[in-house]
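Coordinate analysis (summary)
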Amino acid sequence: MFPAGEKSDEVGGAGRNRTTIKMSRSILFQARFIVVSNAFLWNAYYARPNGQGAEAGRISNRMFYLSVPPNVFIDVVKCASKLAFSLNGWTRVIVEKPFGRDSESSAALTRNLKQYLEEDQIFRIDHYLGKELVENLSVLRFTNLVFEFLWSSQYIQNVQLIFSEDFGIEGRGRYFDNYGIIRDIMQNHLLQILALFAMETPVSLDAEDIRNEKVKVLRCMKPLLLDDVVIGQYKSHTKDGISYPAYIDDKTVANDSLTPTFAAAAAIFINNARWDGVPFLMKAGKALHTKGAQIRVQFRHVPGNLYKKSFGTDLDRANELVIRMQPDEAIYLKINNKIPGLGVRLDRSNLNLHYAASSLSLSLSKLRLGICCSDSTIPPAVVITASGHSYDP
Ligand SMILES: NC(=O)C1=CN([C@@H]2O[C@H](COP(=O)(O)OP(=O)(O)OC[C@H]3O[C@@H](n4cnc5c(N)ncnc54)[C@H](OP(=O)(O)O)[C@@H]3O)[C@@H](O)[C@H]2O)C=CC1
Ligand SMILES: O=C1O[C@H](COP(=O)(O)O)[C@@H](O)[C@H](O)[C@H]1O
């Protein structure tokens, strides 16, 4: 794959083979990487009689990306440490969320990983933080005076974080049924976005400084009560003559499973000076009508609005900022304006920043490539390391 004597970077993937191979074709091979995508091939590939594995005189850096259910993380790392860690370059391991089911199992995961790795070799990632519009969130806030100025309970009435998928579990029950939608999506993807959205200005753009500010947001959060949350599980249904299975019809799910596939958290409050009294609403579900992920920021009504009577039936419509992470990435601000012509009739329009559908779906590849190539290419907000705060669902 690469000329003898040169440095190579190798990627060991466990799980989701197709994704890894797809990425390797598009990005990694161009950069002279080798992808070893099946954990069970490691033995044959690396355990060479001279004990040098695939190094054979070359400096080899190795990155392992664990796209397997969390209950096999440690076995895979143990196996890789025996057979495939680099002998003369660096070895890095990417671990995907969720990092345990609660604080205790999260700490146990870290303890176990550290039997084989130093902390700076472990990269805990949440691929939502690599999505273009999530990365853009802090740029939007901290480089535009107009937004940061409005970013508080004084002007914002509520914030909604919404994730929906229009397909069900599709054979992923071995992982998903142990975690459910709260641990799969809310406790990580949505909570990370919330923390980025709500944090104070970090001291710098260094990962550690951003993480510190996010942790402060989480520590100010009032714990949710059971009564604040609605959960559900999707049933079978028929649409346009096609029938779709229920969650428990999936072969990888026990037929008496009560694991939630939908959850809505009515109101999460951040008890600090900036956000006191502003409800953050979270909603996440599988097998819903649409696929999408968005942040909706609803602003307060204009006090004593002069034009109240000109709005027609829907009185005094407040502004709304929508950050649509997917599909069809966009940021738009709903504003009120006058319909051109005689008289004063008002209408709602979107001030619209619509992204071209260019290379926006690369979040995961971008993160892996950043970890592989050079630390400085990883967006500072995306890697959650051991000092990240773990929040019990
Ligand atoms: N699916 C997604 O879109 C995303 C998933 N993730 C994270 O990735 C991780 C895995 O999720 P997902 O890919 O959905 O899970 P899956 O249930 O689809 O499992 C992934 C792979 O793990 C392998 N696997 C399962 N059990 C074992 C085992 N006991 N020993 C060895 N290999 C095993 C399977 O390989 P084989 O088929 O060869 O048995 C399977 O292809 C989770 O941490 C999840 O949070 C993160 C972001 C997105
Ligand atoms: O982490 C996960 O994310 C996917 C959704 O990711 P997306 O980038 O396609 O929106 C979700 O399907 C999966 O359950 C979860 O583990």
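Computed from a predicted structure; not experimentally measured.

1. Regarding a nonpolar patch on the surface
A cluster of nonpolar side chains, Leu-306, Tyr-307 and Val-344, forms an exposed patch at the surface whose accessible area comes to about 350 Å². Looking at where Leu-306 falls in the secondary structure, it is placed in the loop between β12 (292-299) and β13 (320-326).

2. A few points about the domain arrangement of the chain
Per the domain assignment, the segments of the chain are domain 1 (9-125) and domain 2 (129-360). In this complex, domain 1 contributes six residues to the contact, which on the side of domain 2 involves seven residues. Counting the surface lost from both domain 1 and domain 2, the interface buries some 710 Å², and carbon and sulfur atoms represent 55% of this. Among the residues domain 1 hides against domain 2, the three largest losses belong to Lys-97, Pro-98 and Arg-101. Together they make up 72% of the total. For the pair domain 1 and domain 2, the number of links is one salt bridge. Put simply, Lys-97 and Asp-184 hold a salt bridge, and the shortest N to O gap is 3.1 Å.

3. Quick look at the pairing of β12
Burial of β12 is extensive: seven of the eight residues sit out of reach of the surface. Across eight bridges, the pairing between strand β6 (residues 156-164) and β12 is antiparallel. Paired with Asn-158 across the strands is Gln-298, a residue of β12. Direction of pairing for β12 relative to β13: antiparallel, over a ladder of six bridges. If you follow Gln-294 over to β13, its bridge partner there is Arg-324.

Analysis parameters
Residues numbered from 1 in each chain as written. Chains lettered and ligands numbered in written order. Predicted model: local features only at pLDDT ≥ 70, side-chain atom pairs only at ≥ 80, totals over all residues. Heavy atoms only, no water. Patch = residues over 30% accessible without salt bridge, like charges linked within 9 Å, V, L, I, M, F, W, Y side chains within 5 Å. Areas by Shrake-Rupley, 256 points an atom, 1.4 Å probe, with all protein chains shown as cover. Salt bridge = Lys/Arg side-chain N within 4 Å of Asp/Glu carboxyl O. Helix = DSSP H or I, 4+ residues; strand = E, 2+ residues; numbered from the N terminus. Domains from an automatic or database assignment. Contact = heavy atoms within 4.5 Å. Buried area = accessible area lost by both parts, 1.4 Å probe. Buried < 20%, exposed > 50% of the residue type's maximum accessible area, 1.4 Å probe, protein only. Pairing = 2+ DSSP bridges.

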